[in-house]
Amino acid sequence: MKSVNEYVKQKPWLGWVLFLGTMVIVFMLGLLASSVMERRAEAVFAYTPQVEISDWEPRNEVWGKNFPREFQSYYQTQDGSFKSKYNGNSMIDMLEIDPRLVILWAGYGFSKDYNQGRGHYYAVVDVYNTLRTGAPLNKDADEPMPSTCWTCKSPDVPRVMNNLMNEMGTDKGLAEFYKGKWSKYGEEIINPIGCADCHDSHNMNLRISRPALIEAFERNGKDITQASHQEMRSLVCAQCHVEYYFDKQKFEGSNYLTFPWDNGISCENVEAYYDELEFSDWIHKLSRAPMIKAQHPGYEIYLTGVHADRGVSCADCHMPYRSEGGVKYTDHKIQSPLNNIANSCQVCHREETAKLIANVYERQDRIIENRDKLEELIVRAHIEAKLAWDKGATEEQMKDILMDIRHAQWRWDYAAASHGGSFHSPVETGRIISTGITIAQEGRIKLARLLALLGHNNEVPYPDITTKEKAQEYIGLDINKLKSDKQKFLEEVVPKWLDTAKKREASWDIKNVN
């Protein structure tokens, strides 16, 4: 076999080919090495701390000095321009769209005001603005909401909680936070949901900043500190996007925020938990049924879906990774994946964008069709129950009927309030709604028999509730007074809260990293 030198001597041009080829390879490797070094330098520069971030620092702008990409993407949650078929991130008056909701929540705050949730940027502002929080013009004002309602709205919450726990001890400190009315922390809580809600300021690890989730795990014999990083990418969301209630028995005078997971996390498990406690959020103004208001059991529904089964976290879809220069980071513009198909869905799914969106809408259409039917049945049950009371029904006669109404609406609300359940887990959501339809119909059959016994054998008159205003008038809401009081509160009280808070924050030092 001839050596390379012999081949080159016979064909001199071959030596030039080998030489030029080697030079090209070396040049390309040099470019690759240079690019890698440059990207590494960019990454190091991008994450060079500019300031020291203290424990429970609530100001997102301070965190943004060290993490500008994440901060800038997070503040894009103020964009309210996206509208999908059924929601999006814009302000939508849900009572205007569906006035029957006013009847479902008669006697409860949501009958006054219920808007489609906007981005996290508006968390505090929207709490100021909603009619549900009332208009506390002074410290002695009668308020409808407790201080606990602040819990999921701001990184100021864990700051205040930890200050109280340091002063009074863990149990007494938390009980104190949950004690009193909503306006109690008006001067303390001003920063919208942000960095400190989910991150440890020392190492940027994901952490749980709200005690209710930790306590729920402990009661079920689980240690949340053993959760994997991928699990934490959902658990930080589960601090708030869950079902919860205010336990008024744990500490006197305290509305202690609690997750009702002791029997399990299914719709029926939580219902049984509440029934055993004989807990209700309010007594319905028309039917007098002891009602449960589902909060937003998104995490519980998500766990029953295929994405959770495949190990996909909330952040994978709602906060997908992005690359900028040599830096890979999590996009903190928390939003519907439908507004970011390429970075969320198409990382795993190879279908075209239009096809993926059509798949989502198909599931939503079918779930909402049945959910609306359940809603109609429950509204009629409330109105029919009111007539039964008016005709002289006794509590014993109404007992089983009212429990049917309670359980049917609980299922409707569990499906509706899960926000995305029709996609996250359409099979489970459809099952819940179908059992609700059965229960609602059984309750209405009992009502029909009772009304006949009371002498009413005709169709029950159905009020004109075709608009939000007509529905609110029907249940006796003086909505104009509520709006007038709220406007006065926004003009006279909120500016004072903000002024006091800003003066406090101005006194906090921000230390530069040398």
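Once a new chain begins, its residue numbering starts again from 1 and follows that chain's sequence as written. Under the rules for a predicted model, residues below a pLDDT of 70 receive no local features and side-chain atom pairs below 80 are neither given nor counted, while totals for whole chains, interfaces and linings still include all residues. With hydrogens and water set aside, each side-chain value is computed from the structure's full complement of heavy atoms.

Trainee: Report on the confidence of the model for the protein, specifying residues and quantitative values.
Mentor: On a range of 0 to 100, pLDDT expresses the predictor's confidence in each residue. In the predicted model, the protein carries a mean pLDDT of 92, and 91% of its residues have values of at least 70. Throughout, a contact is declared for two residues whenever any of their heavy atoms are within 4.5 Å. Low confidence marks residues 41–45, where pLDDT is under 50. Its contacts with residues over four positions away, or in another chain, come to five contacts.

Trainee: Lay out the nonpolar core with the relevant residues and their values.
Mentor: As used here, the term nonpolar core means buried Ala, Val, Leu, Ile, Met, Phe, Trp, Tyr and Cys residues forming a set that is joined through side-chain atoms within 4.5 Å. A 1.4 Å probe rolled over the protein chains alone gives each residue an accessible area, and that area as a share of the maximum for its type sets the label: buried under 20%, exposed over 50%, partly exposed in between. The biggest cluster of nonpolar side chains holds 46 residues, and the ones touching the most others in it are L101, W105, M398, I405 and W412. Broken down by secondary-structure element, the contributors of at least two residues to this core are helix 5 (94–97), helix 6 (100–104), helix 16 (353–390), helix 17 (395–416) and helix 19 (426–453). Not counting chain neighbours up to four residues away, the residues in contact with W105 comprise L95, F110, S111, Y114, W282, H284, K293, Q409, W412 and D413. Within the second largest apolar cluster, 42 residues are counted, among which are F177, L213, V493 and V494. Helix and strand definitions follow DSSP, with helices as H or I runs of at least four residues and strands as E runs of at least two, each counted in order from the N terminus.

Trainee: Quick rundown of the side chain of E271? Include the residues and the values.
Mentor: Inspection of the secondary structure puts E271 in helix 12 (residues 267–277). With near-sequence residues (within four places) excluded, E271 lies in contact with H407, W410 and R411.

Trainee: Please give an account of the packing of helix 12 against helix 17 that cites residues and values.
Mentor: Inter-axis angles, ranging from 0 to 180 degrees, are taken between N-to-C directions of lines fitted to C-alpha atoms, where helices are fitted over the stretch in contact. Contact pair helix 12 / helix 17: the axes reach a minimum separation of 11 Å and the direction vectors enclose 135°. Between helix 12 and helix 17, the angle falls in the class oblique. Here helix 12 runs over helix 17; the crossing is right-handed. Contact with helix 12, carried on its side by C267, E268, V270, E271, Y274 and D275, involves M403, R406, H407, W410, R411 and Y414 of helix 17 and no other residues of that element. When residues are grouped by polarity, Ala, Val, Leu, Ile, Met, Phe, Trp, Tyr, Cys and Pro land in nonpolar, Asp, Glu, Lys and Arg in charged, and all others, Gly among them, in polar. Looking at the contact of helix 12 with helix 17 residue by residue, the classes come out as six nonpolar, one polar and five charged. Here the word oblique covers every angle except those under 35 degrees (roughly parallel), over 145 (roughly antiparallel) and from 65 to 115 (roughly perpendicular). By convention the crossing between two helices is left-handed if the near helix lies anticlockwise of the far one by an angle smaller than a right angle, and right-handed if it lies clockwise.

Trainee: Tell me about unusual backbone geometry, and name the residues and values.
Mentor: Residues apart from glycine generally show negative phi values, whereas peptide bonds are mostly found in trans. Even without glycine at this site, M204 takes up a positive phi of about 65°. Locating M204 in the fold gives a position in the loop between helix 9 (170–177) and helix 10 (211–219). For H419, which is not glycine, the phi torsion reads 50° and is therefore positive. With respect to the helices and strands, H419 occurs in the loop between helix 17 and helix 18 (421–424). The exposure class assigned to H419 is partly exposed, which follows from its relative accessible area of 44%.

Trainee: Tell me what's going on with the pairing of strand 5 (residues 321–324), and back it up with residues and numbers.
Mentor: Where strand 5 and strand 6 (residues 327–330) come together, four bridges link them in antiparallel fashion. The residue bridging Y321 from the neighbouring strand is T330, located in strand 6. Any two strands with at least two DSSP-identified bridges between them are counted as paired. If you look at the hairpin formed by strand 5 and strand 6, you'll find two residues sitting between the two strands, and G325 has a positive phi there, around 65°.

Trainee: If you had to explain the packing of aromatic side chains to someone new, which residues and values would you point to?
Mentor: In summary, the pairing rule links any two rings of Phe, Tyr or Trp, Trp by its six-membered ring, whose centres are within 6.5 Å, and it sorts them by plane angle into stacked for under 30 degrees, edge-to-face for over 60 and tilted for everything else. If you walk through the whole model with that rule in mind, you get 31 aromatic pairs. An aromatic cluster of at least three residues, connected via ring pairs, comprises W105, Y108, F110, Y114, W282 and W412. Lysine NZ or arginine CZ positioned within 6 Å of the ring centre and within 35 degrees of the ring normal marks a charge as sitting over the ring. Seen from the ring of Y256, K250 lies directly overhead, with NZ or CZ sitting 4.2 Å from the centre.

Trainee: I'd like to hear about the environment of A212, residue by residue, with values.
Mentor: Take A212: it is sitting in helix 10. Taking the C-alpha atoms as reference, A212 lies 33 Å from K83; in sequence the two are 129 residues apart. Discounting residues that sit within four places of it in the chain, A212 has contacts with L257 and F259.

Trainee: Outline the state of the cysteines, supporting the account with residue identities and numerical values.
Mentor: Put simply, a disulfide is two cysteine sulfurs that come within 2.5 Å. In the structure shown here, the tally under the stated rule is one disulfide. Across a sulfur-sulfur distance of 2.4 Å, C152 and C240 are joined as a disulfide pair. Torsion about the S-S bond of the C152 and C240 cystine: about -100°, corresponding to left-handed handedness. Of this pair, C152 sits in the loop between helix 7 (123–129) and helix 8 (156–168) while C240 sits in the loop between helix 11 (229–238) and strand 1 (245–247), and the two are 88 residues apart along the sequence. With no disulfide partner, C267 has as its closest neighbouring cysteine sulfur the one in C314, 19 Å distant. For C267, a relative accessible area of 1% translates into the label buried. Note on C345: no disulfide assigned, nearest cysteine sulfur contributed by C317 at a separation of 6.5 Å.

Trainee: Would you mind going over the pattern of salt bridges in detail, with residue names and values included?
Mentor: What makes a salt bridge here is a side-chain nitrogen of Lys or Arg within 4 Å of a carboxyl oxygen of Asp or Glu, nothing more. Going through the model one piece at a time under the given rule, you end up with 32 salt bridges. For R159, the salt bridge goes to E188, with nearest N and O atoms at 2.9 Å. With a gap of 29 residues between them, R159 in helix 8 and E188 in the loop between helix 9 and helix 10 connect regions that are remote in the sequence. One salt bridge in this structure joins D390 and K386, with 3.0 Å as the shortest N-O distance.

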